[in-house]
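A structural walkthrough
The residues making up each chain are set out below.
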Amino acid sequence: MLFGLLLVAAFLIGSIPFGYLIGRAFYRTDLRAQGSGNIGAMNAMRSLGKRGAIAVLILDALKGFAPVLLMQHFVPGDLAVALGAALAVIGHCYSPWLGFKGGKGVATSLGTYFAIAWPVGLVAIAGWLVGAAATRYSSVGSMLASVAAAAALWFATGSPVLTLYGLLIAVLIVYAHRENIERLRSGTENRIRLGKTPPNQG
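Residues numbered from 1 in each chain as written. Predicted model: local features only at pLDDT ≥ 70, side-chain atom pairs only at ≥ 80, totals over all residues. Heavy atoms only, no water.

For the rest of this paragraph, the subject is the layout of surface pockets. To locate leftover empty space, one rolls a probe as large as a water molecule over the atoms. Considered as a void within the structure, the largest pocket measures approximately 790 Å³ in volume. In this model, the second largest pocket occupies a volume close to 530 Å³. Contributing to the lining of the second largest pocket are 20 residues, with N38, K101, G102, R178 and E179 lying nearest its centre. For the lining of the second largest pocket, the element with the most residues is helix α10 (residues 178–186), which contributes four residues. (1 Å grid on protein atoms, 1.4 Å probe; cavity = no way out; pocket = protein on both sides within 12 Å on 5 of 7 lines; lining within 4 Å. Points joined across faces, edges and corners; volume = space filled by probe spheres on them. Helix = DSSP H or I, 4+ residues; strand = E, 2+ residues; numbered from the N terminus.)

The structure is reproduced here in structure tokens:
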């Protein structure tokens, strides 16, 4: 019973659309109608500015961090942790509060990596930085980070279950970036810009 409740809690925590809520409450902006239409930190950077983006990034990461800690405390074991982490990320990507739409899972998965093994979180950040710096595309950094984190989970934990979690999340994140991949192919993907994007460049 406790395990089931924690799984539901993990999904519901992950489903909180902080990007949407922060945009509405503090900026009178619906991120879904701005820029890429995504509720994540990068679109928040373009639409809300640095402070809004930082708030969204931290809160979205905490959505992944908290469920893993709950599982580790109340139902320890790799399978429980992996399921709780996965449901948090899925809740973010398919939030029932937004018609089962949401973000792309990058920040929330980052939170799960730090909770599972903090070096994995650092590898994910490094992967994003390398990909983003090399191409100036956040989407490339995000996909590279997810793949790097999956490999790092194996070296950090030695757990097949947690490594499988990382691989499945990497697949989910790449799938969530399918529109970005099409824009990359066509040369229309937005490059990283620090600060709000001018209204005519959304």
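After that view of the structure, there is still more to cover.
The next thing to look at is the packing of aromatic side chains. Aromatic ring pairs are reported here in terms of the distance separating the ring centres and the angle at which the planes meet. The final tally for this structure, using the stated rule, is one aromatic pair. Seen in terms of ring centroids, Y113 and Y165 are 6.4 Å apart; in terms of plane orientation they differ by 65°. Their pairing is edge-to-face. With Y113 in helix α6 (residues 106–116) and Y165 in helix α9 (residues 160–176), the pair connects residues that are 52 residues apart, well separated along the chain. Note on accessibility: Y113 and Y165 belong to one class, buried. (Phe/Tyr/Trp six-rings, centres within 6.5 Å; stacked < 30°, edge-to-face > 60°. Buried < 20%, exposed > 50% of the residue type's maximum accessible area, 1.4 Å probe, protein only.)

Taken together, the side chains of F3, L79, L83 and V161 present a nonpolar region at the surface, about 310 Å² in accessible area. Counting through the fold element by element, F3 comes out in helix α1 (residues 2–14). The class of F3 is partly exposed, set by a relative accessible area of 31%. (Patch = residues over 30% accessible without salt bridge, like charges linked within 9 Å, V, L, I, M, F, W, Y side chains within 5 Å. Areas by Shrake-Rupley, 256 points an atom, 1.4 Å probe, with all protein chains shown as cover. Salt bridge = Lys/Arg side-chain N within 4 Å of Asp/Glu carboxyl O.)

Further remarks concern the side chain of T29. One can find T29 in the loop between α2 (18–27) and α3 (41–48). Non-local contacts of T29, meaning those with residues more than four positions away in its chain, are made with Y20, G23, R24, Q34 and L48. (Contact = heavy atoms within 4.5 Å.)

With a phi close to 50°, R28 is a non-glycine residue in the positive phi region. Note on placement: R28 falls in the loop between α2 and α3. Of note in the backbone geometry, R136 takes a positive phi value of approximately 65° without being a glycine.

What the rule picks out here adds up to five salt bridges. When the shortest N-O distance is used, the salt bridge between E182 and R185 registers 3.1 Å. Here E182 pairs with R185, and both are found in helix α10, just three residues apart, close to one helical turn. By relative accessible area, R185 is classed as exposed at 66%. It is possible to trace a salt-bridge network through shared partners that takes in R24, D30 and R32.

The next point concerns the nonpolar core. With 28 residues, the main nonpolar core has M71, Y113, I116, V120, Y165 and I169 as its most contacted residues. In terms of residue count, the dominant contributor to this core is helix α5 (residues 78–93) (seven residues). What Y165 contacts, discounting residues up to four positions off in sequence, is A82, A85, A86, V89, S109, T112, Y113, I116 and L153. (Core = buried A, V, L, I, M, F, W, Y, C linked by side-chain atoms within 4.5 Å.)

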